[in-house]
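# Remarks on the overall topology
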2 protein chains.
Amino acid sequence: MDKNHISHQFDNELENLRNQVFAMGGLVEQQIRDAVAALTEGDTELAETVIRNDHKVNRMEVEIDEECTHVIARRQPAASDLRLIVAVIKTITDLERMGDQAEKVARMGRGLANMERPRSGYFEIQTLGEHVQTMTHEALDAFVRMDVDAAIKVAKKDLKVDQEYEGIMRQLMTFMMEDPRTIKRVLDVMWAARALERIGDHAKNICEYIVYLVEGKDVRHISMEKMEEKVRGS
Amino acid sequence: MDKNHISHQFDNELENLRNQVFAMGGLVEQQIRDAVAALTEGDTELAETVIRNDHKVNRMEVEIDEECTHVIARRQPAASDLRLIVAVIKTITDLERMGDQAEKVARMGRGLANMERPRSGYFEIQTLGEHVQTMTHEALDAFVRMDVDAAIKVAKKDLKVDQEYEGIMRQLMTFMMEDPRTIKRVLDVMWAARALERIGDHAKNICEYIVYLVEGKDVRHISMEKMEEKVRGS
C-alpha cells in the first residue's frame, strides 16, 4: 500500500469515528426527548422504553472507546489528529452520562405517573427539557462541523439553563412549603429538573472540547467571557 | 540516544503521569475531607477555603491532560501503554468532577452554617462523607498499584454507599414532612448527601478503569457480579 492510500484510510477512520459520535448523540437526544415526554405525559410505557434503552447508549460508548484506542495504536497519529481522538473519547463520556441523566428523568417519570398531577402539568420540566435537548443537538452539530463560533454560542446557553433551573427549584420549594403533602412528589420533580440541568452541563463540556480541538486552547474551567477572549485572542 | 535510553525515559514519563494522578487524587481527598468538616462543624472559613481551592484541582486536570497528549504524540506508545494513558485521561476527568462535588458540599456547608443546627449535628453526612473519602483513597491506591482485587473490593463498596444514601434521603424527607419550616435547610443537606453519593460513583468509575487496564476487559456498564465473573473468567 502506498502512503496516500494509508492516509486516505486513516481519514476514513476519523470520519467514521465522527459519524459514530453523531449516531450516539442522536440516540441520547432521543432518550432525553422520550424521558421528558414520559414524565410530562405520565406515560409509564415510554418511561420503561427509555430505561430499557440506556444500555444501548452504554454499549456505544464502549464500542467507540475501543475504536479510538485501536485507531491510535494502528495509526500513531500526529498531535492534531490525536487531539481529535482525545476529544472523541471525552465527548462520548459526556454523552454516556447524559444518557444516565435521561434514564433518571424516565425513572422519576415512572414514579410520578402514579401520583397526583399538578395543575401546571409539568410545564416547567417540558420547557427545561426542550432547552437542554436543543443544546445537545446544537453541540453535536457544532462537533461534527468543528464550528467554534457555534460551540461558543451553545456553551453560553448553559447560563440561561442554569438560571431557569434555579427558578424552577425556588418555585418547587414554595410548593412544598405551602403543602407539605406534596413533598414526596415535588422532590421527584426536583431530581428530574436537576438531571436536565446536568445534561446542559455535559452539552457545554462538549462545546469546550470543540474549542480546545480547533483552537488548541484549553478553555475548560474558565468563565464564558474569558473563554471567548481566549478564542478571539483579544 | 540508544533504544534502551529512550524506553527508560518513556517509563519515567509513565511513572511521572501515575504520580501526578496520585497527587491530584490527594488534593481531591483533602477537598472532600475539608468540605465535610466545614458542613458538619459549621465552619464557613474552611468552606471558603475549599471553594477557593477547587481551581487547583481543575488546573491539575488540564496539566495532566496536556501531558498525556504530549506523551502519546512523542512516544507513539504500544497498545498496552496507550491503555494506561487513556485510563489516566479518564481517571482525572472523574477526579475533577469529584472536586466539583466537594465544592458543592462546601457551598451547602457555607449556607447551612447560618441556619439552625439539627440535633443530629449532621452525623449522617459525617458518616457518608467518611465512607466516600475512604473509597476515594482506596481507589487511588489501587490505581497506583494496579491492583485489580483491591479495585473490585472498592467498587463493591459503592453499593453500600448507595444504600446509605437512600436511607439518609428517606430520613430527611420525613424531617421535612414533620416540620415544613425545615424544608429549605433539609434540601441543602439533601444536595450535600447527593454530592457525596456521586463522589462514590466516580471512585467506582476509577476502579473500573483499573480492571479494564489490567485485564483488558471493559467492565463498565455491567453489574458487580458480572464484573467479577468477567475478571475471574468464570
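In case you missed it, the structure is sitting above this.
An account of the accompanying structure is given in this report. The residue count restarts for each chain, going from 1 along the sequence in the order it is written. Written order determines the labels here, with chains lettered from A and ligands numbered from 1. Residues qualify for local features only when their pLDDT is at least 70, as the model is predicted, and side-chain atom pairs are given and counted only at 80 or more; totals for whole chains, interfaces and linings, by contrast, use all residues. Hydrogens are left out, water is left out, and the side-chain values use all remaining heavy atoms of the structure.

### Some points on the packing of aromatic side chains
Centres within 6.5 Å make a pair out of two Phe, Tyr or Trp rings, where for Trp the six-membered ring is used; the pair is then stacked when the planes are under 30 degrees apart, edge-to-face when over 60, and tilted otherwise. The tally for this structure, following the rule as stated, stands at one aromatic pair over all chains. Measuring from centroid to centroid gives 5.1 Å for Trp-191 of chain A and Trp-191 of chain B, while their planes differ by 90 degrees, and the two rings are edge-to-face. One end of the pair, Trp-191 of chain A, is in helix H6 (residues 183–215); the other, Trp-191 of chain B, is in helix H6 (residues 183–215), on a second chain. The residues Trp-191 of chain A and Trp-191 of chain B share a single accessibility class, namely buried. In this structure, Arg-83 of chain B is placed above the aromatic ring of Tyr-212 of chain B, and the distance from its NZ or CZ to the ring centre is 5.7 Å. Note that Arg-194 of chain B overlies the ring of Trp-191 of chain A, its terminal NZ or CZ placed 4.9 Å from the centroid. The helix and strand labels rest on DSSP assignments: H or I over at least four residues marks a helix, E over at least two residues marks a strand, and numbering proceeds from the N terminus. Classification of residues uses two cut-offs on accessible area relative to the type maximum, computed with a 1.4 Å probe and protein chains only: under 20% is buried, over 50% is exposed, and between them is partly exposed. To sit over a ring, a charge needs its Lys NZ or Arg CZ within 6 Å of the ring centre and within 35 degrees of the ring normal.

### A closer look at the relation of the copies chain A and chain B
Superposition of the copies used a least-squares fit over C-alpha atoms from residues whose pLDDT is at least 70 in both. Overlaying chain A on chain B yields an RMSD of 0.0 Å, the required transformation being a rotation through 180 degrees with an accompanying axial translation of 0.0 Å. Overall, the copies show the geometry of a two-fold rotation axis. Among all residues of chain A, the one whose C-alpha sits closest to the rotation axis is Gln-76 of chain A, at a distance of 2.8 Å. Every residue pair with non-hydrogen atoms within 4.5 Å of one another is taken to be in contact. The fraction of interface residues of chain A whose copies in chain B are also interface residues reaches 100%, indicating that both copies meet through the same surface.

### Section: the interface of chain A and chain B
Contacts between the two partners involve 42 residues from chain A and, on the opposite side, 42 residues from chain B. Of the roughly 3,600 Å² buried where chain A meets chain B, counting both sides, 61% is carbon and sulfur surface. Here the buried area means the combined drop in accessible surface, using a 1.4 Å probe, for two parts upon being joined, counting both sides. Together, Arg-97, Trp-191 and His-221 of chain A form the three largest contributors to the area buried by chain A at its contact with chain B, with a combined 17%. Think of a salt bridge as a Lys or Arg side-chain nitrogen and an Asp or Glu carboxyl oxygen that are within 4 Å of each other. Between the two partners, chain A and chain B, sit four salt bridges. Across the salt bridge formed by Lys-90 of chain A and Asp-65 of chain B, the nearest N and O atoms sit 2.9 Å from each other. Any pair of nitrogen or oxygen atoms within 3.5 Å is treated as a polar contact; in protein, a donor-acceptor pairing is required on top of that, and neighbouring residues in sequence qualify only through side-chain atoms on both sides. Between chain A and chain B we count six residue pairs in polar contact (both at pLDDT 80 or more) in total. The leading source of residues in the side of chain A that touches chain B is helix H3 (residues 79–112) of chain A, at twelve residues.

### Description of the nonpolar core
Side-chain atoms within 4.5 Å link the members of a nonpolar core, which is a set of buried Ala, Val, Leu, Ile, Met, Phe, Trp, Tyr and Cys residues. Among the nonpolar cores identified, the biggest contains 156 residues, and Leu-196 of chain A together with Leu-196 of chain B are the most heavily contacted of them. Apart from residues lying up to four places away in sequence, Leu-196 of chain A is in contact with Ile-32, Val-36, Val-105, Ile-125, Leu-128, Gly-129 and Val-132 of chain A.

### Things to note about helix H4 (residues 123–145) of chain A
Residues and elements named next belong to chain A. In this scheme, a helix's expected span is set at 1.5 Å multiplied by one less than its residue total. Compared with an ideal rise of 1.5 Å per residue, which puts 23 residues at 33 Å, H4 spans 33 Å between its outermost C-alpha atoms and is within 8% of the ideal. Among all positions of H4, only Glu-124, Ile-125, Leu-128, Gly-129, Val-132, Gln-133, Met-135, Thr-136, Ala-139, Leu-140, Ala-142 and Phe-143 are buried. Once H4 ends, the next one or two residues include Met-146, with phi positive near 50 degrees.

### Remarks on the packing of helix H4 (residues 123–145) of chain B against helix H5 (residues 148–178) of chain B
Residue and element names in this part refer to chain B. Put simply, H4 and H5 touch, their axes get as near as 10 Å, and they point 165 degrees apart. Taken together, the axes of H4 and H5 lie roughly antiparallel to each other. Read as a crossing pair, H4 and H5 show a hand that is left-handed. Across the interface between the two elements, Glu-124, Thr-127, Leu-128, His-131, Val-132, Thr-134, Met-135, Glu-138, Ala-139, Ala-142 and Arg-145 from H4 touch Ala-150, Ala-151, Val-154, Lys-157, Asp-158, Val-161, Glu-164, Ile-168 and Leu-172 from H5. Only the contacting stretch of a helix is used when fitting its axis, a line to C-alpha atoms as for every element, and angles between N-to-C directions run 0 to 180 degrees. Note on terminology: angles under 35 degrees are roughly parallel, angles over 145 are roughly antiparallel, angles of 65 to 115 are roughly perpendicular, and the others are oblique. Left-handed describes a crossing whose near helix is turned anticlockwise from the far helix by less than a right angle; the clockwise case is right-handed.

### Some thoughts on the pattern of salt bridges
All names here are of chain B. This structure, assessed with the given rule, holds 25 salt bridges over all chains. Its salt-bridge partner being Asp-179, residue Arg-181 comes within 2.9 Å of it at the nearest N-O pair. For Arg-181, a relative accessible area of 73% translates into the label exposed.

### Some points on the side chain of Glu-164 of chain A
Within the secondary structure, Glu-164 of chain A sits in helix H5 (residues 148–178). Lacking a salt bridge, the buried Glu-164 of chain A has Lys-160 of chain A as its closest oppositely charged neighbour, with an N-O distance of 8.4 Å. The sign given to each residue is positive for Lys and Arg and negative for Asp and Glu; His and the chain ends receive no count.

### A closer look at helix H2 (residues 44–75) of chain B
All names here are of chain B. The terminal C-alpha atoms of H2, which comprises 32 residues, lie 47 Å apart, in line with the 46 Å expected from a rise of 1.5 Å per residue. For H2, the principal kink sits at Arg-52 and spans about 30 degrees. Capping the start of H2 is the job of one residue whose side-chain oxygen sits 3.2 Å from the backbone nitrogen of Glu-45: Asp-43. Of the residues one or two after H2, Gln-76 is the one with positive phi, at around 45 degrees. Two axes enter the bend calculation: one fitted to the seven residues ending at the residue in question, the other to the seven starting there, and the bend is the angle between them.

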